[in-house]
Amino acid sequence: MKTEEEATGIQSRRGGKGRRRIEIKKILDSKTALIVTFSKRRNGLFKKATELHNLCGVEAAVVAFSPSGRPYSTGNPSSESVVLRYLNGRLTAALAAADQEEAGERLCWWEKGIEDLKTEEEVKEFKDALIELKRNLVYRIEEFKMRCASTPILFS
């Protein structure tokens, strides 16, 4: 009976180490080993970011600094546009939060929670203000209904 190698005519590679998984740890051996490892890992990382863009259509950017401090970046469509979009989003969110915080300081009386009312007098004032608001709303609704009823319908 023939082995698989004999049947297919393909010989397996023997003797080489091939690709192996290495333990992830800080490289302390030499500066050259550190630079070589950084270059290989950087290229793999950049390739993954490009694949993510190609497969999913996302905008992605990666910035890496070498052991010597030199910056490397990649991005799709460009690292600058992705980073600017990110920073603009962060700035917009920060401004919105600041506006909301500022608006919280100048809430109208009906927007404030009743938990903020400390004395019985404040609760009574709040209740009286709500009653007055209800009265005004009912009056305005009735006024609006009367205007609508007295206006002739021009288009039907």
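I will try to describe carefully the structure that is included in this document. Bear in mind the structure is a predicted one, so any value in this text is a computation, not a measurement.

### A word on the overall build of the chain
Working step 1: Looking only at helices and strands, the chain has four helices and two strands in total.
Working step 2: Reading the chain from its N terminus to its C terminus gives the helix and strand order α-α-β-β-α-α.
Working step 3: Per-residue burial over the chain gives 9% buried out of 156 residues.
Working step 4: Counting contacts in the chain only where the partners sit at least 6 residues apart, residues at least 24 apart contribute 24% of the total.
Working step 5: Approximately 14,600 Å² of the chain is accessible, and the part contributed by carbon and sulfur atoms is 57%.

### Thoughts on the pairing of strand 1 (residues 60-65)
Working step 1: Burial along strand 1 is one-sided: the residues Ala60, Val62 and Ala64 are buried and none of Ala61, Val63 and Phe65 is.
Working step 2: Pairing between strand 1 and strand 2 (residues 71-76): six bridges, direction antiparallel. Following the sheet pairing, Phe65 is matched in strand 2 by Pro71.
Working step 3: Counted between consecutive antiparallel strands, the loop separating strand 1 from strand 2 contains five residues, among which Gly69 sits at a positive phi close to 100 degrees.

### As for the packing of aromatic side chains
Working step 1: Under the counting rule described, the total for this entry stands at one aromatic pair.
Working step 2: Each ring, one from Phe38 and one from Tyr72, has its centre 5.9 Å from the other, and the planes form 55 degrees; the classification is tilted. Taken together, the positions of Phe38 in helix 2 (residues 31-56) and Tyr72 in strand 2 put the pair 34 residues apart, joining distant regions of the chain.
Working step 3: Under the relative-accessibility criterion, Phe38 is labelled buried at 18%.
Working step 4: Since its relative accessible area comes to 23%, Tyr72 is described here as partly exposed.

### Brief notes about the side chain of Ser66
Working step 1: Structurally, the position occupied by Ser66 is in the loop between strand 1 and strand 2.
Working step 2: Only 2.9 Å separates the side chain of Ser66 from the side chain of Ser68, close enough to count as a polar contact.
Working step 3: Not counting chain neighbours up to four residues away, the residues in contact with Ser66 comprise Phe38 and Tyr72.

### Observations regarding helix 2
Structurally, the α-helix is built with 3.6 residues per turn, so residues lying three or four positions apart point the same way.
Working step 1: Over its 26 residues, helix 2 runs 37 Å from end to end, which matches the ideal 38 Å to within 8%, given 1.5 Å per residue.
Working step 2: All buried positions along helix 2 are accounted for by Phe38, Arg42, Phe46 and Ala49.
Working step 3: Its buried side turned inward, helix 2 meets strand 1 and strand 2.
Working step 4: Just downstream of helix 2 lies Gly57, where phi reads positive at about 75 degrees.

Parameters and conventions
Residues numbered from 1 in each chain as written. Predicted model: local features only at pLDDT ≥ 70, side-chain atom pairs only at ≥ 80, totals over all residues. Heavy atoms only, no water. Helix = DSSP H or I, 4+ residues; strand = E, 2+ residues; numbered from the N terminus. Buried < 20%, exposed > 50% of the residue type's maximum accessible area, 1.4 Å probe, protein only. Contact = heavy atoms within 4.5 Å. Areas by Shrake-Rupley, 256 points an atom, 1.4 Å probe, with all protein chains shown as cover. Pairing = 2+ DSSP bridges. Phe/Tyr/Trp six-rings, centres within 6.5 Å; stacked < 30°, edge-to-face > 60°. Polar contact = N/O pair within 3.5 Å; in protein donor to acceptor, adjacent residues only side chain to side chain. Expected span 1.5 Å × (residues − 1).

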